[in-house]
There are 2 protein chains.
Amino acid sequence: MSIRTTIALDAMGGDNAPGEIVKGAVEAINERKDIKIHFFGDQDKIRKELAKYEYPADQITITHTTEEISCDESPAIAIKKKKNSSMVMGLRSVKAGDCDAFISAGSSGAVLVGGQVLVGKCRGVKRAPLAPLIPTEKGVSLLIDCGANVDARPEHLLQFAQMGSIYMEHVVGVKKPKVAIVNIGEEEAKGNALVKETYPLLKECSDINFTGSIEARDIPKGTADVIVTEAFTGNVILKLMEGLAATLIHVIKEGMMSSTRGKIGGLLAKPALKETLKAFDASEYGGAPLLGLKGLVVKIHGSSKAKETKNAIFQCLSFKEENINEKIRERFARPVKEEEVAGKQEGTGDKPRHSIKTGERIRV
Amino acid sequence: MSIRTTIALDAMGGDNAPGEIVKGAVEAINERKDIKIHFFGDQDKIRKELAKYEYPADQITITHTTEEISCDESPAIAIKKKKNSSMVMGLRSVKAGDCDAFISAGSSGAVLVGGQVLVGKCRGVKRAPLAPLIPTEKGVSLLIDCGANVDARPEHLLQFAQMGSIYMEHVVGVKKPKVAIVNIGEEEAKGNALVKETYPLLKECSDINFTGSIEARDIPKGTADVIVTEAFTGNVILKLMEGLAATLIHVIKEGMMSSTRGKIGGLLAKPALKETLKAFDASEYGGAPLLGLKGLVVKIHGSSKAKETKNAIFQCLSFKEENINEKIRERFARPVKEEEVAGKQEGTGDKPRHSIKTGERIRV
């Protein structure tokens, strides 16, 4: 018998909780025996939802919680004060080692603050970025950071590039992942103050495959594997992709329905169209992990339904198998060996610029 | 006979110059008698292109220029030093009043710097934003700023909101245009430092219809008429919309071509699809004006072809008719009347916060 992975699931977070969250969890355990779900939330509500389905009862545990954290309240205060909330209790279970991962569709801010405060960052990690996979023409790219750290500094972005590279290499299986920074032109001299300061750090960093700037128009083409940006821009990119895809699908449908010829054509083309658009549906790719923590924390969309919940649960299995946060921990905990740091000046070996430990190469 | 509008056209700027630029100009004057085109560029190259077409010769003038400004050079230095470039000569012709408007597909940076330095900002205008119309489900929205001013300050964004409102009201004809600021959540407390500082200024400003934050996913829905953001984010939004629309169209086509059923359906649906996608083609909406200058300067996409050039020329006619920069000039030159500034503290009437002159209401 394989060792079970226990997922702490925030049953109270998101627009469709607890109904769709419970449904997704039930679907997951009905498909796989090697998962245990540990719900955190109002036990009466959870039991009421569970009663609708058949499922292996030994794969479910419930911890009753009496508080909820809403999107309107200050994440920092909520995490500190609402000790009996599904969010705080769930995160603590990961910290204590009782659960392998925590998933929530609740307040992004609370997940981000709670993850960093309650689960804790790996030593050497300055900030924990939220890193979703986004669909592209070629497959997927990692967008890092996407909501955790507004007003980030250059040294944070450098670490995001390093963590993102580890993720793409080990979880997605991309060898020597191409790293690019979001910019408003391709030339090195372009950009705002943050990008101009970050660019040389990325260029000098020996353990990433930095390819330069990426303009937003090239993101959907999949020309970079790891797309580095600060959280505000990252969030705008993620949400605009989501919104524009939905709008285009809507207007294409309406456009086709406006003529008989279009209607017939649309019906015939529907299966192919559906297949294509499915590939561009971000919810197919599960949730976004908060990288660089001492445990696994995954944020799923506030509007997540059963499908997204189930996908995120399965995604946690790959994260666990690949031990991704452990790899990040190792990278940032390791001291820098002088010969590994490219472009460094003689005599600066003791104190790398911006105190970033670039560590040794992951691969040749 | 109507008075002719003279357009200074940078024949050397952009990826398809001078061929497509000349072609677009010829198409424009063949359609309308009330336009004169004043080309700035290499006269031999322009004449060679012109020789391909039939057109009313009295609607064309050429000023020979010997220098070109490329996208790789520093805009500020190029504008200062290349006095005989098509860009500098064209902009000077607007400043001198010889031409009514200047259009260029060349270096964005040079157009922005040149516009502000050579044509000059209206009194009271701190920065001149680049403001393209973007397609939405409901029609168009104005995205302001989109590339002119990275690392903008709150008082700049406030002026962008005011200028954008004047533009949408007078050029596009939207009464009481809804103004929103790009943010990563809807709540007032969300956002980076710039947004958090700008939000209260917009809220207090009495001459705009501020509706709060807009998340990027809602931009394509058209929920706001004037979308305020700093240039880096604006540029990312504009280019991502462009890139994602192109990618989706590409993958939809490929998806349809992968099966016989899809192929037939696709062929039947093609006219409807084409019509729909045309509505989402940003190039249909002409170029982006640089608002708040003493003359009209319009930037068109570097990859612009004849169609975009022609549309931008026609767009200049509406700008001239509506006298948009004059309206902006009037707004910012007017002294603030105390009762017009909402939310102001007693005794602060002499020196409005951030020295922004909100002026009187445009409409009730």
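Preceding this section is the structure that the text describes.
As a starting point, this report considers the structure included with it. (Residues numbered from 1 in each chain as written. Chains lettered and ligands numbered in written order. Predicted model: local features only at pLDDT ≥ 70, side-chain atom pairs only at ≥ 80, totals over all residues. Heavy atoms only, no water.)

**Let's talk about the overall build of chain A**
The test is simple: Runs of H or I in DSSP of at least four residues are treated as helices and runs of E of at least two as strands, each being numbered from the N terminus. Should any heavy atoms of two residues lie within 4.5 Å, those residues are considered in contact. Calculation of accessible area relied on Shrake-Rupley with a 1.4 Å probe; when residues are assessed, cover is drawn exclusively from the protein chains displayed.
Each helix and strand in chain A was counted, giving 11 helices and 11 strands. Counting only contacts in chain A whose residues sit at least 6 apart along the sequence, the fraction spanning at least 24 positions is 72%. As displayed, chain A offers around 15,300 Å² of accessible surface, 50% of which is attributable to carbon and sulfur atoms.

**Some thoughts on helix α11 (residues 324-333) of chain B**
Residue and element names in this part refer to chain B. Let me state the cut-off plainly: Between buried and exposed lies partly exposed: a residue is buried under 20% and exposed over 50% of the maximum accessible area for its type, with that area taken using a 1.4 Å probe on protein chains only. Working definition: the arc comes from the directions between the helix axis and the C-beta atoms, pointing outward to the latter.
Those residues of α11 not exposed but buried are Ile324, Asn325, Ile328, Arg331 and Phe332. On an axial view of α11, the arc spanned by its buried residues comes to 120 degrees, and they lie on one face. Residues of α11 that are buried sit in contact with α6 (154-172), β11 (296-299) and α10 (306-322).

**With respect to helix α4 (residues 86-95) of chain A**
Residue and element names in this part refer to chain A. Of all 10 residues in α4, 7 are buried; the element is thus mostly enclosed. Among all positions of α4, only Ser86, Met87, Val88, Gly90, Leu91, Ser93 and Val94 are buried. Backbone geometry just after α4 places Gly97 at a positive phi near 85 degrees.

**Structural notes on the relation of the copies chain B and chain A**
The criterion, for reference: Alignment of copies: least-squares fit on C-alpha atoms of residues with pLDDT of at least 70 in both copies.
Mapping chain B onto chain A calls for a screw motion: a turn of 180 degrees about the axis and a shift of 0.0 Å along it, with 0.1 Å RMSD after fitting. The symmetry that links the two subunits is that of a two-fold axis. Across chain B, the rotation axis passes nearest the C-alpha of B:Gly265, at a separation of 2.0 Å. Both copies share a contact surface, since 100% of the interface residues of chain B are interface residues in chain A too.

**Re the interface of chain B and chain A**
Rule in force here: Buried area is calculated as the accessible area (1.4 Å probe) missing from two parts once they are joined, with the contributions of both summed. Whenever a carboxyl oxygen of Asp or Glu lies within 4 Å of a side-chain nitrogen of Lys or Arg, that contact is scored as a salt bridge. Each residue gets one label: Ala, Val, Leu, Ile, Met, Phe, Trp, Tyr, Cys and Pro are nonpolar, Asp, Glu, Lys and Arg are charged, and the others, such as Gly, are polar.
Contact with chain B, which involves 52 residues of that partner, is made by 53 residues of chain A. Between chain B and chain A, a total of about 4,800 Å² is buried, with carbon and sulfur atoms accounting for 73% of that surface. Across the chain B-chain A interface, the total number found is 4 salt bridges. Its salt-bridge partner being A:Glu215, residue B:Lys239 comes within 2.3 Å of it at the nearest N-O pair. Counting only elements with at least two residues in the side of chain B that touches chain A, the list comes to β7 (178-183), α7 (193-204), α8 (231-257) and α9 (260-279) of chain B. A class-by-class count of the residues in the side of chain B that touches chain A yields 28 nonpolar, 14 polar and 10 charged.

**Topic: the pairing of strand β4 (residues 101-104) of chain A**
Working note: regular strand, side chains alternate between the two faces of the sheet. Residue and element names in this part refer to chain A. This is how it is decided: Strand pairing is assigned whenever DSSP identifies at least 2 bridges connecting the two strands.
By the alternation rule, side chains of β4 split into Ala101 and Ile103 and Phe102 and Ser104, which are all buried. The pairing of strand β1 (residues 5-10) with β4 spans 3 bridges and is parallel. Bridging from a neighbouring strand, Ile7 pairs with Ala101 of β4. Judged from the 4 bridges that link them, β4 and strand β11 (residues 296-299) form a sheet pairing that is parallel. Looking at the pairing, Ile103 lines up with Val298 of β11.

**Considering the nonpolar core**
Our working rule: Only buried residues count toward a nonpolar core. Its members are Ala, Val, Leu, Ile, Met, Phe, Trp, Tyr and Cys residues joined through side-chain atoms within 4.5 Å.
A:Phe39 and B:Phe39 are the most contacted members of the largest nonpolar core, which has 162 residues in total. Apart from the residues lying within four places of it in its own chain, the contact partners of B:Phe39 are B:Leu9, B:Ala11, B:Val22, B:Ala25, B:Ile46, B:Leu50, B:Ile60, B:Thr61, B:Ile62 and B:Thr63.

**What about a positive patch on the surface?**
Residues and elements named next belong to chain A. Selection rule: Each patch is built from residues that are more than 30% exposed by relative accessible area and take part in no salt bridge. Like charges join if they lie within 9 Å; nonpolar side chains (Val, Leu, Ile, Met, Phe, Trp, Tyr) join within 5 Å. Charge convention: Lys and Arg are scored as positive, Asp and Glu as negative, and His as well as the terminal groups of each chain are ignored. Taken as the charge centre is NZ of Lys, CZ of Arg, CG of Asp or CD of Glu, depending on the residue.
Together, Lys80, Lys81, Lys83 and Arg92 line one region of the surface with positive charge. Examined against the element boundaries, Lys80 turns out to sit in helix α3 (residues 75-81). Classification of Lys80 by relative accessible area gives exposed; the value is 62%.

**Quick word on the state of the cysteines**
Put simply, the rule is: The disulfide definition used here is simple: a pair of cysteine sulfur atoms within 2.5 Å.
Counted according to the given criterion, the structure contains 0 disulfides over all chains. For A:Cys99, which is in no disulfide, the shortest distance to another cysteine sulfur is to A:Cys316 and amounts to 11 Å. Of the residues examined, A:Cys99 reaches a relative accessible area of 4% and is grouped as buried. Here B:Cys71 stays free of any disulfide, with the sulfur of B:Cys146 as its closest cysteine sulfur at 16 Å.

**A closer look at unusual backbone geometry**
In this structure, the amide linkage connecting A:Ile144 to the following residue, A:Asp145, adopts the cis form with an omega of 15 degrees. In this fold, A:Asp145 is placed in the loop between β6 (139-144) and α6 (154-172). In the segment running from B:Ala17 into B:Pro18, the intervening peptide bond is cis, with an omega of -5 degrees. Along the chain, B:Pro18 turns up in the loop between β1 (5-10) and α1 (19-31).

**What to know about the sheet that holds strand β8 (residues 209-215) of chain A**
Residues and elements named next belong to chain A. To be explicit about the condition: Note on method: axes are straight lines fitted to C-alpha atoms, helices fitted across the in-contact stretch only, with angles between N-to-C directions ranging 0 to 180 degrees.
If you walk across this open sheet you meet the 5 strands as β5-β6-β9-β7-β8, and the pairing is mixed. A single partner strand is all that each edge strand has here, and the edge strands are β5 (133-136) and β8. For this sheet the average axis-to-axis angle between neighbouring strands, irrespective of direction, equals 35 degrees. Pairing geometry for β5 and β6, over 4 bridges, is antiparallel. Paired with Leu133 across the bridge in β6 is Leu142.

**Describing the pattern of salt bridges**
Within this structure, the stated rule accounts for 30 salt bridges over all chains. In this structure, the salt-bridge partner of B:Asp58 is B:Arg4, at a minimum N-O distance of 3.4 Å. With a gap of 54 residues between them, B:Asp58 in the loop between α2 (43-50) and β3 (60-64) and B:Arg4 in the segment before β1 connect regions that are remote in the sequence. Taking the relative accessible area as the measure of exposure, B:Asp58 reaches 48% and is therefore partly exposed. For the salt bridge of B:Arg153 with B:Glu155, the shortest nitrogen-to-oxygen distance reads 3.1 Å. Exposure remark for B:Arg153: the relative accessible area of 44% places this residue in the partly exposed category. When its relative accessible area of 12% is taken as the criterion, B:Glu155 is described as buried. The network of salt bridges with shared partners includes A:Glu215, A:Arg217, B:Lys239 and B:Glu242.

**Overview of the side chain of B:Ser85**
All names here are of chain B. Our working rule: Any N or O atom pair separated by 3.5 Å or less is treated as a polar contact, with the protein-specific requirement of one donor-capable and one acceptor-capable atom, and with residues adjacent in sequence counted only for side-chain atom pairs.
Considering the arrangement of structural elements, one finds Ser85 in the loop between α3 (75-81) and α4 (86-95). Here Ser85 falls in the buried class, since its relative accessible area comes to 1%. A polar contact is formed between the side chain of Ser85 and the backbone oxygen of Lys82, at a distance of 2.7 Å.

**A look at the side chain of A:Asp34**
Residues and elements named next belong to chain A. Among the structural elements, Asp34 can be located in the loop between α1 (19-31) and β2 (35-41). Classification of Asp34 by relative accessible area gives buried; the value is 19%. In terms of polar contacts, Asp34 uses its side chain to reach the side chain of Arg32, at 2.9 Å.

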